[in-house]
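This is what each chain is made of:
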Amino acid sequence: VWMITVIGSTFGIPDTVMGLTFIAAGVSVPDALSGIAVVKEGHGDMAVSNAIGSNVFDILVCLGVPWFCKTVIIEPGSIVEVTHKGILYSTLTLFSTVIFLIVASHINNWKLDRKYGIILLVWYFVVMIFASLYETNVLGNFNPVECESDY
């Protein structure tokens, strides 16, 4: 994570964009490889369950545990403040992706095929483009200045 932050800072890319792209892709490679392995064995349902379960775990546990530790153990009674104004848009993007997944699956008769894979990849790139645009403040002033520097 530290090196990705340094690379992003060097090229003027916000931490949130680096997290949305490089870090997210890096931690998702094992999930993708396990998904490929189980799909080859004919267990598409297991691949879908793995992807959904992994993301639910990431959102609820990987955010919940650090906030719990900070507010209950490290500094009891404290509050973790989210200074990112775009959190609403990030949440709406995540929600729209879930809705899109359900609708696309229904339209494709709940079958995983080449067309479905292409549709999901296209949607991923659309989501990443919009997320990167609002994280870089192109679509509004959501992302605070991280660290001012003369370099």
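It should be noted that the structure appears before, not after, this text.
How each quantity is defined
Residues numbered from 1 in each chain as written. Predicted model: local features only at pLDDT ≥ 70, side-chain atom pairs only at ≥ 80, totals over all residues. Heavy atoms only, no water. Helix = DSSP H or I, 4+ residues; strand = E, 2+ residues; numbered from the N terminus. Axes fitted to C-alpha atoms, helices over the stretch in contact; angles between N-to-C directions. Parallel < 35°, antiparallel > 145°, perpendicular 65-115°, else oblique. Contact = heavy atoms within 4.5 Å. Nonpolar A, V, L, I, M, F, W, Y, C, P; charged D, E, K, R; others polar. Buried < 20%, exposed > 50% of the residue type's maximum accessible area, 1.4 Å probe, protein only.

Caption draft 1: Looking closely at the environment of V65. Position of V65 among the secondary structure elements: in helix 3 (residues 44-74). Note: C-alpha distance between V65 and M3 (62 residues apart in sequence) is 24 Å.

Caption draft 2: Looking closely at the packing of helix 4 (residues 87-107) against helix 5 (residues 114-135). Remark: helix 4 packs on helix 5, axes separated minimally by 11 Å, with the N-to-C direction vectors making an angle of 170°. Taken together, helix 4 and helix 5 sit at an angle that is classed as roughly antiparallel. For the pair helix 4 and helix 5, the contacting residues are Y89, S90, T93, S96, T97, F100, L101, A104 and S105 in the first and Y116, I119, L120, W123, V127, Y134 and E135 in the second. Taken together, the residues that form the contact of helix 4 with helix 5 break down as ten nonpolar, five polar and one charged.

Caption draft 3: Highlighting unusual backbone geometry. The residue N109 is not glycine, and still its phi comes out positive at about 60°. With respect to the element layout, N109 can be found in the loop between helix 4 and helix 5. A residue is classified by how much of its surface remains accessible, and N109, at 55% relative accessible area, is exposed. The backbone of W110 sits at a positive phi, close to 60°, despite the residue not being glycine. By the secondary structure assignment, W110 is in the loop between helix 4 and helix 5.

The values reported here are purely geometric and, on their own, carry no functional implication.
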